[in-house]
Each structure stands twice: as structure tokens, then as C-alpha cells.
Amino acid sequence: MRCTKCGLENPDNNVYCANCGAPLPKEQNGTDLFTGSQAQQSETQIQPPYYTQAPWQSAQPSVPESYKPITPLGYVGYSLLFSIPLVGIILLFVFSFGGTANINLKNFSRGMLISVAIGIVLVILFSLIFGTAFTQYYDQYGIIGIF
Ligand SMILES: [Zn+2]
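Report on the accompanying structure.

About the criteria used
- Residues numbered from 1 in each chain as written.
- Predicted model: local features only at pLDDT ≥ 70, side-chain atom pairs only at ≥ 80, totals over all residues.
- Heavy atoms only, no water.
- Donors = N, O, S within 2.8 Å, 3.2 Å for Na, K, Ca; no water.
- Tetrahedral: all angles 85-135°; square planar, octahedral: opposite > 155°, others 65-115°.
- Buried < 20%, exposed > 50% of the residue type's maximum accessible area, 1.4 Å probe, protein only.
- Phe/Tyr/Trp six-rings, centres within 6.5 Å; stacked < 30°, edge-to-face > 60°.
- Helix = DSSP H or I, 4+ residues; strand = E, 2+ residues; numbered from the N terminus.
- Arc of directions from axis to C-beta.
- Salt bridge = Lys/Arg side-chain N within 4 Å of Asp/Glu carboxyl O.
- Contact = heavy atoms within 4.5 Å.
- Axes fitted to C-alpha atoms, helices over the stretch in contact; angles between N-to-C directions.
- Parallel < 35°, antiparallel > 145°, perpendicular 65-115°, else oblique.
- Core = buried A, V, L, I, M, F, W, Y, C linked by side-chain atoms within 4.5 Å.

Digging into the coordination of the zinc ion
Right, on to step 1. Protein coordination at the zinc ion: the donors are Cys-3 (SG), Cys-6 (SG), Cys-17 (SG) and Cys-20 (SG), at 2.2 to 2.4 Å from the metal.
Right, on to step 2. Bound by four donor atoms, the zinc ion shows angles of 103 to 116 degrees at the metal and therefore tetrahedral coordination geometry.
Right, on to step 3. A residue is classified by how much of its surface remains accessible, and Cys-3, at 1% relative accessible area, is buried.
Right, on to step 4. Judged by its relative accessible area of 32%, Cys-20 falls in the partly exposed class.

Structural data, given as C-alpha cells:
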């Protein structure tokens, strides 16, 4: 009987492997359990995907709808959509908080929202730091005499 752990051929009446001490499978109906388990393993083995057609031509994508990637043109479209004043911000909030089932669009919206928030914080910070310097400049010289 062959050990399933180290592969050593042991006498049939051995309960444990003489080499590594692993418990040996009991023989049943004359069939080798070692080969039996091997056959089972290959049955349950995950089969590599066999495409009957090229993946990009596949009519039914294997990716669930909620995980479907945004196409490159989709990114362009959504970016343009989000850059519309006011409407874009509203759309960002809608998509970020449950307005879409697609996780990619949700994450993209959240990323854009965070970027916008960082931008606003930076503008406020800069105007706080340089604001007084600018107003002093304006007071002294003005800009083209309008402000
Ligand atoms: Zn062994």
C-alpha cells in the first residue's frame, strides 16, 4: 500500500507509514484508495475556462452587472457629465450614495467627490494664506481698475 503523504510503498498490513508515520488508508474491495483519491481530486479540480469564442466577443459576460467595468468611453462620458456645473456635483452625490448598482461607477464617483472636496479645501486654504496679500495688492493697484 502506498503512503498518500510521501509515496512510500508499505506492506499491506501496515496501519502507519514506515517512512513518515502518516496513517495509511484501508484498502476496500481491492481498489487502491490512493488512486481512488487521485481520481476524485482530478474530478473536483477547477477546470481552466475554455472559450468557445473570443472573450471580447462573448455575448454573455461572466462578470456580474454590478461589477461590470466602465468602458474607456464611459470614463470620458462620466467625466464630462461630472464637470457640468452644479449638475455634476449632484450626480456625484447620487452615484456615490446608492444611485447606481455598479460598484465601479460608485467608486469612480466617490473618488471624484473626494478630489472635489480636496480641491475646495485647497482653495479655502490658499485664499486664507494669500487672501490678505491679494486684497492689499488690489487695494493698492487694483486689477485693470475694475476691482
Ligand atoms: Zn509516508
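A look at the packing of aromatic side chains
Right, on to step 1. Across all of its chains, the model carries six aromatic pairs by this definition.
Right, on to step 2. For the ring pair Tyr-78 and Phe-95, a centre distance of 5.9 Å and an interplane angle of 85 degrees mean the geometry is edge-to-face. Placement of Tyr-78 in helix H2 (residues 72-82) and of Phe-95 in helix H3 (residues 87-96) is noted, with a sequence separation of 17 residues between them.
Right, on to step 3. According to the relative accessible area criterion, Tyr-78 is partly exposed, its value standing at 24%.
Right, on to step 4. An aromatic cluster of at least three residues, connected via ring pairs, comprises Tyr-75, Tyr-78, Phe-82, Phe-95 and Phe-108.

Some remarks on H3
Right, on to step 1. Looking only at H3, the buried set comprises Gly-88, Leu-92, Phe-95 and Ser-96. Projected down its long axis, H3 shows its buried positions confined to an angular sector of 95 degrees, all on one face.

Digging into the pattern of salt bridges
Right, on to step 1. In this structure the tally under the stated criterion is two salt bridges.
Right, on to step 2. Between Arg-2 and Glu-9 there is a salt bridge, with the nearest N and O atoms lying 3.6 Å from each other.
Right, on to step 3. Taking the shortest distance from any N to any O, the salt bridge between Glu-65 and Lys-68 comes out at 3.9 Å.

Here's the deal with unusual backbone geometry
Right, on to step 1. Of note, the phi angle at Leu-86 is positive, near 65 degrees, even though the residue is not glycine.
Right, on to step 2. On the secondary structure map, Leu-86 appears in the loop between H2 and H3.
Right, on to step 3. The class of Leu-86 is exposed, set by a relative accessible area of 68%.

What about the environment of Leu-113?
Right, on to step 1. Here Leu-113 is to be found in helix H4 (residues 103-141).
Right, on to step 2. Residues Leu-113 and Phe-93, 20 residues apart in the sequence, show an inter-C-alpha distance of 7.5 Å.
Right, on to step 3. With near-sequence residues (within four places) excluded, Leu-113 lies in contact with Leu-92, Phe-93, Ser-96 and Phe-97.

Quick notes on the packing of H2 against H3
Right, on to step 1. Between H2 and H3, the least distance of the axes is 7 Å, while the angle of their chain directions is 120 degrees. In terms of orientation, H2 lies oblique with respect to H3. In this structure, H2 contributes Tyr-78, Leu-81 and Phe-82 to the contact, and H3 contributes Gly-88, Ile-89, Leu-91, Leu-92 and Phe-95.

What to know about the nonpolar core
Right, on to step 1. Counting residues in each nonpolar core, the largest one holds seven residues, listed as Ile-70, Phe-82, Leu-92, Phe-95, Leu-105, Phe-108 and Leu-113.
Right, on to step 2. Within the residue set of this core, elements represented by two or more residues are H3 and H4.
Right, on to step 3. Of all the elements, H4 adds the most residues to this core, at three residues.
Right, on to step 4. Of all hydrophobic cores here, the second largest spans five residues; its members include Met-1, Cys-3, Ala-22 and Leu-24.

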